[in-house]
Amino acid sequence: MSAETDLVILDCDGVLIDSELISAEMLVVELAKLGVNIDLKYVARHFLGRSYPTVMQTIRRDFGLDLSPDFEAQYRNRLLEEFEKRLEIMPGVRELIAELNVPCCVATSSSPRRVEFSLRHVGLWDRLGSVTYTASLVERGKPAPDLFLYVAEKMKAEPSRCIVIEDSLSGVRAGLAAGMQVWRFVGGSHMRPDPPEEPEDARPHHRFASFDEFFQIAPDLRRRT
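What comes next is a walk through the structure. (Residues numbered from 1 in each chain as written. Predicted model: local features only at pLDDT ≥ 70, side-chain atom pairs only at ≥ 80, totals over all residues. Heavy atoms only, no water.)

1. A word on unusual backbone geometry
Put simply, Lys142 and Pro143 share a cis peptide bond, and its omega is 20°. Tracing the backbone through its elements, the reader meets Pro143 in the loop between β3 (132-134) and α8 (146-154). Of note in this structure, Lys156 is not a glycine but carries a positive phi near 60°. By the secondary structure assignment, Lys156 is in the loop between α8 and β4 (162-166). (Helix = DSSP H or I, 4+ residues; strand = E, 2+ residues; numbered from the N terminus.)

Here you go:
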């Protein structure tokens, strides 16, 4: 497989860091203060893997409420406070990055501030900060392929020779639309205990629940010692 793979593109939230359940819980709490009552299933269905502007558009559509700039700032600040207490690196990620024999980078819907805070908190920023790309760099976020295609161009890799590791259906769809090989990681706390099957338009090439499985699927991508 290494002859066919030039780049591994990693999503951040729910892949590198176990953050999605924390983010969802905080969003439910903050929206409830405005009289918008949603649950974790609603968050997973509408917001997982999406950028903040998508959140605003969906709340406007479903509840007729325009979220103020103050809400975004307050939510982000409180979320980072919670990350400081609870955020953890996904098991096996550090070993994966160290043992890959091809370049890797990050492509995320998170804001630049949030992704830097998160990766610094778990000790990955020094390794990945220079190759971390956010949806703010492109016109359309996931599920559009724009960010992945932008990343491939910046990293000088052919899209067809890239592996995308995503957890959200939006991310899976974006990777498929970019013509990349898509692996879905379902080991985050927001996916437990039984991650649902993907719909027909979001079927990944591989599905795995632990980063220990990565080199079982692609042994040729492991650095030889």
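What follows continues from the structure just given.
2. A closer look at the pattern of salt bridges
Once their charged atoms are close, side chains differing in charge can pair, the charge on each being opposite to the other. If you walk through the whole model with that rule in mind, you get 20 salt bridges. With its nearest N and O atoms 3.2 Å apart, the salt bridge here joins Lys33 to Glu30. Take Lys33: its relative accessible area is 55%, and that puts it in the exposed class. Overall, the relative accessible area of 5% leaves Glu30 in the buried class. Where Asp146 meets Arg140, a salt bridge forms, and the shortest distance between an N and an O atom there is 2.8 Å. Take Asp146: its relative accessible area is 17%, and that puts it in the buried class. We classify Arg140 as partly exposed; its relative accessible area is 46%. (Salt bridge = Lys/Arg side-chain N within 4 Å of Asp/Glu carboxyl O. Buried < 20%, exposed > 50% of the residue type's maximum accessible area, 1.4 Å probe, protein only.)

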